[in-house]
Amino acid sequence: QVQLVESGGGLVQAGGSLRLSCAASGRTFSRRGMGWFRQAPGKEREFVATITPNSDRTYYADPVKGRFTISRDNAKSTVSLQMNSLKPEDTAVYYCAAHRGVVPGRLRLEYDYWGQGTQVTVSS
């Protein structure tokens, strides 16, 4: 079992930056792909970014490419999302998720553990 706790959300002006962190507990963290998703009010939860267990591959949704960076530290059991050049449309609750296997994908059903979410609000 994996437990995930996100932190780092908040209110920021457009063009600013935030760094989200996700602390994981459980012995399988280092063997799992990890992902970040987000959900804006009235919208479906959507894929943001994902990273393989040894950090050799990362994947991003088109709207965040070039602005967001996902990383992980297996020694500390953490995964982070550095968000730069934030836009009002990035406003959402951001969720950390643990993939069922090694090669993480973009579909929610591929992830079997989720954090409680952290709110990110970008003002214009």
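Below you will find a few notes about this structure. Predicted model, so just to flag it, every value in this text is computed and none were measured.

Conventions we followed
Chains are numbered independently. Their residues run from 1 in the order of the written sequence. Local features in a predicted model are, by the rule used here, given only for residues with pLDDT of at least 70; side-chain atom pairs are given and counted only at 80 or more, and totals for whole chains, interfaces and linings are based on all residues. Water and hydrogen atoms were dropped before computing side-chain values, which therefore reflect all heavy atoms in the structure. Disulfides are defined as pairs of cysteine sulfur atoms found within 2.5 Å of each other. Each helix is a run of H or I in the DSSP string that is no shorter than four residues. Each strand is a run of E no shorter than two, and both are numbered from the N terminus. Buried residues are those whose accessible area, probed at 1.4 Å on protein chains only, stays under 20% of the maximum for their type, while exposed residues exceed 50% and partly exposed ones sit between those limits. Pairing between strands is defined by DSSP: at least two bridges between them are needed. To obtain an axis, a line is fitted to C-alpha atoms, over the contacting stretch when the element is a helix, and the angle between two such axes runs from 0 to 180 degrees between their N-to-C directions. The contact definition used throughout considers only heavy atoms, calling two residues in contact when any of these lie within 4.5 Å. Take the buried Ala, Val, Leu, Ile, Met, Phe, Trp, Tyr and Cys residues and link them wherever side-chain atoms come within 4.5 Å; each set so joined is a nonpolar core.

Brief notes about the state of the cysteines
Working step 1: Following the criterion strictly, the structure yields one disulfide and no others.
Working step 2: Each sulfur of the disulfide joining Cys22 and Cys96 lies 2.2 Å from the other. Its S-S torsion of about -80° marks the bond between Cys22 and Cys96 as left-handed, since a negative value means left-handed. Separated by 74 residues along the polypeptide, Cys22 in strand E3 (residues 18-25) and Cys96 in strand E9 (residues 92-99) bring together distant segments of the chain. With respect to burial, Cys22 and Cys96 carry one shared label: buried.

Describing the sheet that holds strand E1 (residues 3-7)
Working step 1: Strands sit in the order E1-E3-E8-E7 across an open sheet of four strands; the sheet is antiparallel. The open sheet has two free edges, formed respectively by E1 and strand E7 (68-73), since each of these has just one partner strand. Averaged over all neighbouring strand pairs, the angle between strand axes comes to 15°, with direction disregarded.
Working step 2: Bridge analysis of E3 against strand E8 (residues 78-83) gives six bridges, and the strand direction is antiparallel. Each bridged residue has a counterpart across the sheet, and for Ala23 the counterpart in E8 is Thr78.

As for the environment of Ala14
Working step 1: As for its placement among the helices and strands, Ala14 is situated in the loop between strand E2 (10-13) and E3.
Working step 2: Residue Ala14 is classed as partly exposed on the basis of its relative accessible area of 40%.
Working step 3: Through-space distance from the C-alpha of Ala14 to that of Val102 is 35 Å; in sequence the pair is 88 residues apart.
Working step 4: Among residues more than four places away in sequence, those in contact with Ala14 are Leu86, Pro88, Val122, Ser123 and Ser124.

Regarding the nonpolar core
Working step 1: In terms of nonpolar packing, the biggest core is built from 32 residues, with Trp36, Leu81, Met83 and Tyr94 touching the most fellow members.
Working step 2: Only E3, strand E4 (34-39), strand E5 (46-51), E7, E8, E9 and strand E11 (118-123) provide two or more residues apiece to this core.
Working step 3: The element that contributes the greatest number of residues to this core is E9, accounting for five residues.
Working step 4: In this structure Tyr94 touches Glu6, Leu20, Trp36, Phe37, Arg38, Val48, Phe68, Leu81, Met83, Gly117, Thr118 and Val120, once residues within four positions along its chain are discounted.

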